[in-house]
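# Coordinate analysis (summary)
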Amino acid sequence: MLFRRNFKFLPQHDQMDCGPACLQMIARYYGKRYSLQYLRDLSSLTRDGVSLLGISKSANAIGLKSITLQMGLEDLVLQIKSPAILHWNQNHFVVLYKIRKKKISNENEFIIADPGHGIIKLSEHEFKKQWCNANNEGVILYLETTDKFYNKKAVSKDTNDSSSFLLSYLKSYQWEITQLLLGVFGGSLITLIFPFLTQALIDRGVKDQSLDIIKIILFGQLFLFLGSAIIEIIRNWITLYIGSHVNIKIISDFLMKLMKLPIKFFDTKMMGDFTQRINDHERIEEFLTSQSLLTLFSLINLLVFLVVLGIYDLKILITFSILTSVSICWILIFQNKRKILDYIKFQCKALNQDSVYELINGMQEIKLNNFENHKRNEWEDLQVKLYKISTRILKLDQYQTTGYTFINHFKNILVTYFAAKEVILGNLSLGAMLSITYIIGQTNSPLNQLIEFIRSFQDAKISLNRLSEVHAQREEEQIDNSPQILKSKNFDNRYGIHLVNLSYSYDGVQQQILNNLNLYIPKGKTTAIVGASGSGKTTLIKLLLKFYTPSEGDIFIDNKGLKSISPKEWRSKIGTVMQDGFIFSDTIERNIATSDEEIDKKQLQYAIRVANLTEFIEGLPNKLKTKIGASGNGISGGQKQRILIARAVYKNPDFMFFDEATSALDTENERIIMKNINSFIKDRTAVIIAHRLSTVKGADQIVVLNKGKIVEVGTHKDLVIKQEYYFNLVKDQLELNKQNV
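Residues numbered from 1 in each chain as written. Predicted model: local features only at pLDDT ≥ 70, side-chain atom pairs only at ≥ 80, totals over all residues. Heavy atoms only, no water.

## Quick notes on the overall build of the chain
Looking only at helices and strands, the chain has 26 helices and 16 strands in total. With 741 residues in all, the chain has 49% of them scored as buried. Of the contacts made within the chain by residues no fewer than 6 positions apart, 73% connect residues no fewer than 24 positions apart. Accessible area for the chain stands at about 37,800 Å²; split by element, carbon and sulfur atoms hold 55% of it. (Helix = DSSP H or I, 4+ residues; strand = E, 2+ residues; numbered from the N terminus. Buried < 20%, exposed > 50% of the residue type's maximum accessible area, 1.4 Å probe, protein only. Contact = heavy atoms within 4.5 Å. Areas by Shrake-Rupley, 256 points an atom, 1.4 Å probe, with all protein chains shown as cover.)

## Structural notes on the sheet that holds strand β2 (residues 84-88)
As summarised here, the arrangement of the six strands in space is β1-β6-β2-β3-β4-β5, forming an open sheet in which the pairing is antiparallel. A single partner strand is all that each edge strand has here, and the edge strands are β1 (64-71) and β5 (118-123). Mean inter-strand twist for the sheet, computed between neighbouring axes without regard to direction, equals 30°. Sheet analysis places β2 next to strand β3 (residues 92-101), joined by five bridges and oriented antiparallel. (Pairing = 2+ DSSP bridges. Axes fitted to C-alpha atoms, helices over the stretch in contact; angles between N-to-C directions.)

## So, the UniProt feature "transmembrane region" (unreviewed entry) in the chain
The sites that UniProt annotates as "transmembrane region" (unreviewed entry) are residues 180-201, 213-234, 293-312 and 318-335. In this annotation, residues 318-335 is assigned 94% helix and 0% strand; the end-to-end C-alpha distance for the span is 26 Å. (UniProt positions renumbered as here; feature names shortened; annotations may be inferred.)

## Re a positive patch on the surface
Positive charge collects at one region of the surface, where K8, R33, K339 and K461 lie side by side. Relative to the helices and strands, K461 resides in helix α16 (residues 430-471). (Patch = residues over 30% accessible without salt bridge, like charges linked within 9 Å, V, L, I, M, F, W, Y side chains within 5 Å. Salt bridge = Lys/Arg side-chain N within 4 Å of Asp/Glu carboxyl O. Lys, Arg positive; Asp, Glu negative; His and termini not counted. Charge placed at Lys NZ, Arg CZ, Asp CG, Glu CD.)

## Points about helix α22 (residues 637-650)
Helical geometry: 3.6 residues make up each α-helical turn, so side chains three or four residues apart lie on a common side. For α22, built from 14 residues, the straight-helix expectation of 20 Å at 1.5 Å per residue is met to within 8% by its first-to-last C-alpha distance of 20 Å. Among all positions of α22, only G638, Q639, Q641, R642, I643, L644, I645, A646, R647, A648, V649 and Y650 are buried. (Expected span 1.5 Å × (residues − 1).)

## Topic: the packing of aromatic side chains
Inspection of the entire model under this criterion finds twelve aromatic pairs. Judged by centre distance (5.7 Å) and plane angle (55°), the ring pair of Y417 and F418 falls under tilted. What makes F418 buried here is its relative accessible area of 17%. Taken together through their ring pairs, the aromatic side chains of Y29, Y30, F149 and Y150 make up a single cluster. Taking the ring centre of F149 as reference, the NZ or CZ of K32 above it sits at 5.2 Å. Between the NZ or CZ atom of R684 and the centre of the ring of F680, over which it lies, the distance is 4.0 Å. (Phe/Tyr/Trp six-rings, centres within 6.5 Å; stacked < 30°, edge-to-face > 60°. Lys NZ or Arg CZ within 6 Å of the ring centre and 35° of its normal.)

## So, the packing of α22 against helix α23 (residues 667-680)
The contact between α22 and α23 brings their axes to 12 Å, and the two run at 10°. Of the possible angle classes, the one that applies to α22 and α23 is roughly parallel. Facing R642, I645 and V649 of α22, the residues of α23 in contact are N669, I673, I677 and F680. Of the residues that constitute the contact of α22 with α23, the class distribution is five nonpolar, one polar and one charged. (Parallel < 35°, antiparallel > 145°, perpendicular 65-115°, else oblique. Nonpolar A, V, L, I, M, F, W, Y, C, P; charged D, E, K, R; others polar.)

## Focus on the pattern of salt bridges
Scanning the entire structure with this criterion turns up seven salt bridges. A salt bridge links K722 to E712; the nearest nitrogen and oxygen atoms lie 3.7 Å apart. In this pair, K722 is assigned in helix α25 (residues 716-722) and E712 in strand β16 (residues 709-714), connecting sequence segments ten residues apart. When its relative accessible area of 42% is taken as the criterion, K722 is described as partly exposed. The network of salt bridges with shared partners includes E589, K601 and K625.

## Structural notes on α23
Its 14 residues give α23 an end-to-end C-alpha distance of 20 Å, which sits within 8% of 20 Å, the value for a rise of 1.5 Å per residue. Within the sequence span of α23, burial applies to N669, E670, I673, M674, I677 and F680. The buried side chains of α23 occupy one side of the element, clustering within an arc of 120° when seen end-on. Of the exposed residues in α23, the ones pointing more than 90 degrees away from its buried face are T667, K675 and S679. Turning to α23, the residues buried within the fold contact α20 (601-610), α22, β13 (655-659) and α24 (693-696). (Arc of directions from axis to C-beta.)

In structure tokens, the structure reads:
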């Protein structure tokens, strides 16, 4: 395989980024720098990752012609002449960027750019094992450039600049930073005095055999040391204060930003991606509280020492400066590799956290299905990956440290030699030589801190970039302020909810979940939506809640476009019970009255009665103050569902949306609660999704969905008489047949 330009490896940032990261590498190979976030958006990324179709769609959008091929190994070697994307192990994407012949064996060696692991060299047997299927063929996405690719301007800015991002938080601490700088300046003045005191001790005290001068100099050194120690103590307290407060503010803003993002953003992320980002704050705090200001202090000291060296001997200063620069350059050579390894380690640790989270939360199912060995082996495989990446990082650190230490020691020896030579030649006094030796010893600490700062800065910058990726996301409340009025021949202007040519697909490229829905949901009436599993019922509710944006068409609320309504304002008018509703680790009353700082006791008791929770709550030792475990641990599915119903009722909303709200209830509880709910939703606009006939048969209209399309609309009686889709859905529950209808 021949190459016209160097191939640059680029890592994925999150667990499901492998497809966009591969495309980013291909685009970079052809000379265009696209940001990973931009390619993510084009690829229609989901929590399950991205499909070949999604990558093809993204490639076409930036002007790359994509061809999906299935071929054997021999054809791959003969036909593929430029980097291509491979479907790897049936669940991952990598870039094949080089095939070369081994010199001794003359076998093919395949070089892979795995965005989650790095550059991998594989033998033909190893490559075939991971790429080919049972038919000895593999899937490859071959990409070619077009005029559109070269003419289109690349979107290369991934995130906000991390330096300005951090500086924006430091602006509030200008006085504290000024105090620190004054402390640094004072400490540097003290440092400047020490070499001259050392010289005076030898040349004026020891040489002249004057104990009085020696005592004065030593007492002076003692008091200077105490002053330096006091300055350092104060500086450390101020640094801790600034670093801790800034770190808390960054975490708080990060969490607030997460809460402002649309649900679709969370559908593309795994739990580990978020927890790892939060853990990244430790690096930022370490950088702020220790490395940054300590390094500033060390750099000033280093400059002071350089000035003193220049006063003593210019040749020694030049030698010291050149070799110091060489040692720093040696460290910088490896920094890009450290950055890549850091991203890879981030992925491994995120996967590890997901694995542990799954083990703990899925323990019941693991035990029920004798799944222990498989899950343990899965976890151990992750530990092996973590060990391997840690080994690679350690190896790189050893290269850096060994080279730097060698150059630094060589520099110290060489400078000492020059100083001793100058003493022998009579150009320097013995005191000056000892002063230079003292300075050389004192520069080791600032230089080590500078190197540590470079590493810490890079780690903090990577962490800040990962955080600013989230901060760069568009917030849910950034809505279109232009009014959108219903104008359609299909619907009149009656108040209610109108769906106009509504379509939706989760990733934008696969078969549509909802297809061209046109529906009127009357205001103040109850509409039930029924259909087989996978027909799109829950998706429709999420579109109505503005969790998702329609792929095509519009939704109108009282003739006003939902797109132009604030999501927060809209949801404040809706009481919702979702089938996967969440119970917080808090008291029962706080789980019901979630949004109110001051709980309305009258409204709370009413909600409890509607949800038939009175007997359950009265049987608890702390009544409403009883704390429920995280996600509802310690209560049954039916009790959890009743709390969710009470939560929706407590809001006293204009609209009620129920998604299988009574599926976990027993018959008696369902009968009581449905009677209460029907009374509550009278004169409210309600949308109910349910399988049970008893829940939907009293609805003002029933809408039947099948494969994302509306196939029937009518009352229970009308639809049963028709004996079509709806009849087939409920006949088993009704125990009806055509003879007794």
